[in-house]
Amino acid sequence: MSQTLLSRRQMLASGSLGGAALVMSNLGFAATTAQKAAKPQGKAIDEAALLAYLGASPQSLPNLPYAQDALEPVISARTVGIHYGKHHQAYFTNLHKLLADTPLATATLEQLILKSHGREDMEDVFNNAAQAWNHNFYWKSLSPVQTSPDERLARAIVGKFGSTEALSKQLLSVSASQFGSGWGWLVVDKGELAVVKTGNAETPFTRSGQLPLLTVDVWEHAYYLDYQNRRPDYLAETIAKKLNWTFASANYARI
């Protein structure tokens, strides 16, 4: 058993999720010209505002938004079946074991991530909650049919990267460069679009409140059955053909 495995006694001592709000410094929301006049860009946003954007995800495996073979031939049904049914499910199973009969047993994934991030005594909770959340977000970031950014997001992409094609190249490059397991993300950071990567279970919103718009998974279980060690090939095909820009546009519209 891992030394970081959180005992029930520790969980009970840690108390419920109530208490002082976690201040996410440097979190900037994109705003209209009129809003900018009333609310300076870059103003700190507290935990309640961050959770309002992220939503409330229960500690249970959600249904896939499409059939397991819907992403073929880019991502095979076999890969999706193992990735979703084994890896993704395991994070929820682990959480249930860690949190049973504790005040956090009914907490949302978002609450668990914010509460456990950076705490050695809750490392196992963070890893499983964040991986469960990241995978929830990953499946929504993919689409069986080709999509395009809406007008507002398209303007922001052109303003920041020059074109959607240039953004796609940067997302591929940054994601492929992640050493070991992790994730590539399109985020809003201090009011501007940015491409970032995170290692292992890390999420953008624990890093000064970067707000994720979409993600690509670069853990080996996301691609190895279909592409072996050719991570860039998996990323090139996925980014070019299967990114869900409708999902990203809806997220951007809420910022």
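Figured I'd write up the structure that's included with this text. (Residues numbered from 1 in each chain as written. Predicted model: local features only at pLDDT ≥ 70, side-chain atom pairs only at ≥ 80, totals over all residues. Heavy atoms only, no water.)

1. Focus: the environment of Phe161
Relative to the helices and strands, Phe161 resides in helix α7 (residues 151-161). For Phe161, a relative accessible area of 14% gives the class buried. Taking C-alpha positions, Phe161 is 9.0 Å from Ala194, a pair spaced 33 residues apart along the chain. (Helix = DSSP H or I, 4+ residues; strand = E, 2+ residues; numbered from the N terminus. Buried < 20%, exposed > 50% of the residue type's maximum accessible area, 1.4 Å probe, protein only.)

2. Remarks on the pairing of strand β3 (residues 182-189)
Here β3 lies mainly inside the structure; eight of its eight residues are buried. Burial of β3 is two-sided: the residues Gly182, Gly184, Leu186 and Val188 facing one way and the residues Trp183, Trp185, Val187 and Asp189 facing the other way are all buried. Sheet analysis places β3 next to strand β4 (residues 192-199), joined by eight bridges and oriented antiparallel. The residue of β4 that forms the bridge with Gly182 is Gly199. Counting the residues that bridge the hairpin from β3 to β4 gives two residues, and of these Lys190 lies at a positive phi of roughly 55°. (Pairing = 2+ DSSP bridges.)

3. Overview of the side chain of Thr215
Summarising the element assignment, Thr215 is placed in strand β5 (residues 211-217). Classification of Thr215 as buried rests on a relative accessible area of 0%. Within the local environment of Thr215, its side chain forms a polar contact with the backbone oxygen of Gly184, the two atoms lying 2.9 Å apart. The contacts of Thr215, once residues within four sequence positions are left out, are Asn134, Phe137, Tyr138, Ser141, Trp183, Gly184 and Trp185. (Polar contact = N/O pair within 3.5 Å; in protein donor to acceptor, adjacent residues only side chain to side chain. Contact = heavy atoms within 4.5 Å.)

4. Some words on helix α8 (residues 164-176)
Residue pairs three or four apart in sequence face the same way in an α-helix, which turns once every 3.6 residues. Helix length check: α8 (13 residues) gives 18 Å between terminal C-alpha atoms against 18 Å at 1.5 Å per residue, within 8%. Leu167, Ser168, Leu171, Val174 and Ser175 are the residues of α8 that are buried. Each buried residue of α8 sits inside an arc of 135° when the element is viewed along its axis, so together they form one side. The exposed set on the far side of α8, more than 90 degrees from its buried face, consists of Glu165 and Lys169. The elements touched by buried residues of α8 are α7, β3, β4, β5, α10 (231-241) and α11 (245-253). (Expected span 1.5 Å × (residues − 1). Arc of directions from axis to C-beta.)

5. Re the packing of aromatic side chains
The tally for this structure, following the rule as stated, stands at 11 aromatic pairs. Note on Tyr84 and Trp139: the rings are 6.2 Å apart at their centroids and 80° apart in plane angle, and the pair reads as edge-to-face. Of this pair, Tyr84 sits in helix α4 (residues 77-99) while Trp139 sits in helix α6 (residues 123-140), placing them 55 residues apart in sequence. Judged by relative accessible area, which is 11%, Tyr84 ranks as buried. With relative accessibility at 3%, the residue Trp139 sits in the buried group. (Phe/Tyr/Trp six-rings, centres within 6.5 Å; stacked < 30°, edge-to-face > 60°.)

6. As for the layout of surface pockets
Of the pockets and cavities examined, the largest pocket occupies roughly 370 Å³. As for the largest pocket, its lining consists of 23 residues, of which Ser57, Trp133, Asn136, Phe137 and Lys140 are closest to the centre. For the lining of the largest pocket, the secondary-structure elements that each account for two or more residues are α3 (47-54), α4, α6 and α11. For the lining of the largest pocket, the leading source of residues is α6, giving five residues. For the lining of the largest pocket, a count of residues per class yields 13 nonpolar, seven polar and three charged. (1 Å grid on protein atoms, 1.4 Å probe; cavity = no way out; pocket = protein on both sides within 12 Å on 5 of 7 lines; lining within 4 Å. Points joined across faces, edges and corners; volume = space filled by probe spheres on them. Nonpolar A, V, L, I, M, F, W, Y, C, P; charged D, E, K, R; others polar.)

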